[in-house]
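Below, each chain spelled out in residue letters.
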Amino acid sequence: MTDFITGLEKTEANYQALSPLSFLARTAKVWPERTAIVHGSIRRTWAETFERCKRLGAALAARGIGPGDVVAVMAPNIPAMVEAHFGVAMAGAVLNTLNTRLDAPTIAYILRHGEAKLLLSDTEFAPVIAAALAELSDNAPPVIDIDDPEGPGGARLGAMDLAYPVVTHTH
């Protein structure tokens, strides 16, 4: 051992293991007012993003989603997709992101095979999702619509919407 390594064992002062969830919490604590998300006119700070992810995780848990359950999401690269990556994990569930280029039979197969308990779906993809859900008939997961204010919109298939207020900040 050299003198440079001696005394540098892992301690609270020089080491912190990061998981995606602890990374988000730490970033929100260290840089709460820095911009985390830019999507058209939407600007969100790390603190806002962390709070929205926690609210999504709590809402999923309140719906009975928990460890090992699968939540599928059909959305492009929008803030709701970022929030799903963290919020679903906060509920202890597994995220199954669906490729936006897939056809209805393939999506139906993935939802069935993955045993999705819930589907978050951007209204932009309503036609292909409606067709996939029709193939699943009585075994279709409940749908929560994502209405992206920057997107083209589309039909609502779910019984509820994912809360998605437009928040803008000037930094």
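Use the structure listed above.
Let me sum up the structure you'll find in this document. (Residues numbered from 1 in each chain as written. Predicted model: local features only at pLDDT ≥ 70, side-chain atom pairs only at ≥ 80, totals over all residues. Heavy atoms only, no water.)

Backbone hydrogen bonds hold the strands of a sheet together, and the pairing may be parallel or antiparallel. Across the sheet, which stays open at both edges, the 5 strands sit in the order S4-S3-S5-S6-S7 with parallel pairing between neighbours. For this open sheet the edge positions go to strand S4 (94-97) and strand S7 (160-161), each flanked by a neighbour on one side alone. Pairing of strand S6 (residues 143-146) with S7 involves 2 bridges; the strand directions are parallel. Paired with Asp145 across the bridge in S7 is Asp161. (Pairing = 2+ DSSP bridges. Helix = DSSP H or I, 4+ residues; strand = E, 2+ residues; numbered from the N terminus.)

A few words now on the packing of aromatic side chains. All chains considered together, the criterion is met by 1 aromatic pair. Arranged with centres 6.4 Å apart and planes meeting at 85 degrees, the rings of Phe23 and Trp46 form a pair that is edge-to-face. In this pair, Phe23 is assigned in helix H1 (residues 20-30) and Trp46 in helix H2 (residues 46-62), connecting sequence segments 23 residues apart. Here Phe23 falls in the partly exposed class, since its relative accessible area comes to 39%. (Phe/Tyr/Trp six-rings, centres within 6.5 Å; stacked < 30°, edge-to-face > 60°. Buried < 20%, exposed > 50% of the residue type's maximum accessible area, 1.4 Å probe, protein only.)

Turning to the packing of H1 against helix H3 (residues 79-90), a few remarks are in order. Relative orientation of the contacting elements H1 and H3 amounts to 115 degrees, with a least axis distance of 10 Å. Taken together, the axes of H1 and H3 are roughly perpendicular relative to one another. Crossing of H1 over H3 shows left-handed handedness. Contacts from Pro20, Leu21 and Leu24 of H1 reach H3 at Phe86, Ala89 and Met90. (Axes fitted to C-alpha atoms, helices over the stretch in contact; angles between N-to-C directions. Parallel < 35°, antiparallel > 145°, perpendicular 65-115°, else oblique. Left-handed = near helix turned anticlockwise from the far one by under 90°. Contact = heavy atoms within 4.5 Å.)

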